[in-house]
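Given next are the chains, with one letter for each unit.
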Amino acid sequence: MSLVKVVARSTSFSFRTDAIAADKSISHRCAMFSMLAHGESVVENFLRAEDTMNSLRIVEKLGAKVVDDGDVIRISSEGIQESDDILDCGNSGTGMRLFCGLLASAEGHFILTGDEYLKRRPMKRVTSPLRSIGAKVDGRNDGDLAPLSIRGASLKAFDYESKIASAQVKSAMILAALRADGSCTYKEPELSRDHTERMLKGMGADISVDGLTTTIKPMTKLLSPLKIRVPADPSSAFFFAVAAAITPGSEVVLEGVTFNPTRIEAFKALERMGAEISYDLKEDVYEPIGNITIKHAPLKAIRVDDNISWLIDELPVLSIAMACAEGRSVVTSAEELRVKESDRISTVVDNLQACGIDVEEFEDGYAVTGGTLRSAEVDSFGDHRIAMSFIIAGLRCGMEVRDIDCINTSFPNFFELLSKITEIQVS
Ligand code: S3P
């Protein structure tokens, strides 16, 4: 239950880094997808944070050989083996939901569990469609709450139309489809992040995307192994983007970030608010990757109400930029925020109010009227993105944030980078 005191930054800063944490979504997928390949997958810059290291440990428990030289991680597998232990996903919804799809057709019996927060998050969004195609998945509350038990079964081909734009649900169903008994389609209401499709296609899977519909043909042979350097995570990078955007005269350059359009919508939103942002494309391996430069400029209010899944993880820290902007910003159609690592509508609203900001709560979002952020003592509610968002707010006014250990789930070197732009005391 450690806490951090952040000292307000009174002068401008210029900061360049190539050390933003590696992408969490891609790292989870590297661990899992290498179990579908023939031969050794080689992963550079795997995210060494709690969530993704849990996925790596699970893959090992499922029989994969993992060789980690402290730099590159090599993963090889001869198929999924039954484990004699429970599989602990820690705090990670992505871990638990994608493993459901991967294990639904594997031979054996598996138990997925997680921490106190994950055990409260809804799993029916994956267990229900998986059950409808023959998966034997169960859990508390009729399969909605972990621990989940899975007995691998043969899966039927499907045409599934999801009501929620969720990459986790889509990915679980794509993984199930790879071993179903015929060609499958998955349709979503809005395009969610598409790392699964890009990576599996790159490994040789027969996956095609037409608008919002993905068609998946079952695997006829094992896939080619991954050879990948994981790019920096735009969701982690965005904390430093907001830091520059709210500090007059400041600039940051964030190197090696994925420009995947389903991931950089928050940068576009910040640009609409008035920040100066430029993109310098450097390479294109599975994903376009490059450097992003963000310069402060006076911010104005915006409305955020579409392509929500493209910036869902960045909304908490975007609310800090909104608190520093001129006018009333409105976020709607974001009810998914309520089922993240915390109920991020209520945790954002509570914490902004504690900082003296005028906020109105809606069932599916909030309205933030820009004003003067005041120093406060706030809680992370065990949610890494809430913790980091209010630490960034501290640049403006000073802040004390409690229960910050959760930051290790996604961004273990956050404080090391933050200490380059402001004074902090962690205790
Ligand atoms: C993720 C998908 C998103 C996101 C999460 C990571 C992924 O969740 O919020 O942090 O890696 O697939 P949903 O797909 O449930 O919206």
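Computed from a predicted model, the values in this text were never measured in an experiment.

Scoring rules and cut-offs
- Residues numbered from 1 in each chain as written.
- Predicted model: local features only at pLDDT ≥ 70, side-chain atom pairs only at ≥ 80, totals over all residues.
- Heavy atoms only, no water.
- Near = heavy atom within 4 Å.
- Polar contact = N/O pair within 3.5 Å; in protein donor to acceptor, adjacent residues only side chain to side chain.
- Areas by Shrake-Rupley, 256 points an atom, 1.4 Å probe, with all protein chains shown as cover.
- 1 Å grid on protein atoms, 1.4 Å probe; cavity = no way out; pocket = protein on both sides within 12 Å on 5 of 7 lines; lining within 4 Å.
- Sits in = over half its atoms within 2 Å of the grid points.
- Helix = DSSP H or I, 4+ residues; strand = E, 2+ residues; numbered from the N terminus.
- Nonpolar A, V, L, I, M, F, W, Y, C, P; charged D, E, K, R; others polar.
- Domains from an automatic or database assignment.
- Contact = heavy atoms within 4.5 Å.
- Buried area = accessible area lost by both parts, 1.4 Å probe.
- Salt bridge = Lys/Arg side-chain N within 4 Å of Asp/Glu carboxyl O.
- Pairing = 2+ DSSP bridges.
- Axes fitted to C-alpha atoms, helices over the stretch in contact; angles between N-to-C directions.
- Parallel < 35°, antiparallel > 145°, perpendicular 65-115°, else oblique.

Draft legend 1. Layout of the site of the ligand. By nearness alone, every residue bordering the ligand is listed as Ser25, Arg29, Thr94, Ser166, Ala167, Gln168, Arg193, Ile312, Asp313 and Lys340. With respect to the ligand, the side chain of serine 25 contributes an N or O atom lying 2.7 Å from an oxygen atom. Relative to its unbound accessible area of 380 Å², the ligand is 95% covered by the protein chains. At a threshold of 2 Å from the grid points, most atoms of the ligand map onto the largest pocket. The set of elements that each furnish at least two residues to the shell around the ligand consists of helix H1 (24-33) and helix H6 (167-177). Considering only residue class, the shell around the ligand consists of 2 nonpolar, 4 polar and 4 charged.

Draft legend 2. Summary view of the domain arrangement of the protein chain. The domains assigned to the protein chain are domain 1 (3-22 + 231-426) and domain 2 (24-228). Inter-centroid distance (C-alpha atoms) of domain 1 to domain 2 is 28 Å. With 32 residues of domain 1 at the contact, the number on the domain 2 side is 30 residues. Counting each side, the surface lost to burial between domain 1 and domain 2 is near 2500 Å², with a carbon and sulfur contribution of 48%. Together, Ala22, Tyr286 and Thr409 form the three largest contributors to the area buried by domain 1 at its contact with domain 2, with a combined 28%. If you look at where domain 1 meets domain 2, you find 3 salt bridges. Between glutamate 336 and arginine 125 there is a salt bridge, and its shortest N-O distance comes to 2.8 Å. If you look at where domain 1 meets domain 2, you find 17 residue pairs in polar contact (both at pLDDT 80 or more). A breakdown of the residues in the side of domain 1 that touches domain 2 according to their chemical character gives 13 nonpolar, 9 polar and 10 charged.

Draft legend 3. Structural view of unusual backbone geometry. Omega for the peptide link from alanine 146 to proline 147 comes to 0°, which places this bond in the cis form. In this fold, proline 147 is placed in strand S9 (residues 145-151). Phi at serine 333 takes a positive value of approximately 60°, unusual for a residue other than glycine. Not every positive phi belongs to a glycine, and phenylalanine 381 is a case in point at roughly 55°.

Draft legend 4. Seen up close, the sheet that holds strand S21 (residues 365-369). Strand order across the open sheet formed by 4 strands is S18-S19-S21-S20, with mixed pairing between neighbours. The sheet terminates laterally at strand S18 (303-304) and strand S20 (358-362), the two strands that pair on one side only. As judged from the 2 bridges shared by S18 and strand S19 (residues 328-331), these two strands associate in the parallel manner. What sits directly across from valine 304, in S19, is valine 331. Across the face of the sheet, helix H10 (residues 315-323) comes into contact with S18, S19 and S21 while running at roughly 25° to S21.

Draft legend 5. Spatial organisation of the packing of helix H8 (residues 234-245) against H10. In contact at an axis separation of 10 Å, H8 and H10 are set at 5° when each is read in the N-to-C sense. Classified by the angle between their axes, H8 and H10 sit roughly parallel to one another. Mapping the contact onto sequence places Phe238, Phe239 and Val242 in H8 and Val317, Leu318, Ile320 and Ala321 in H10. Partitioning the contact of H8 with H10 into residue classes produces 7 nonpolar, no polar and no charged.

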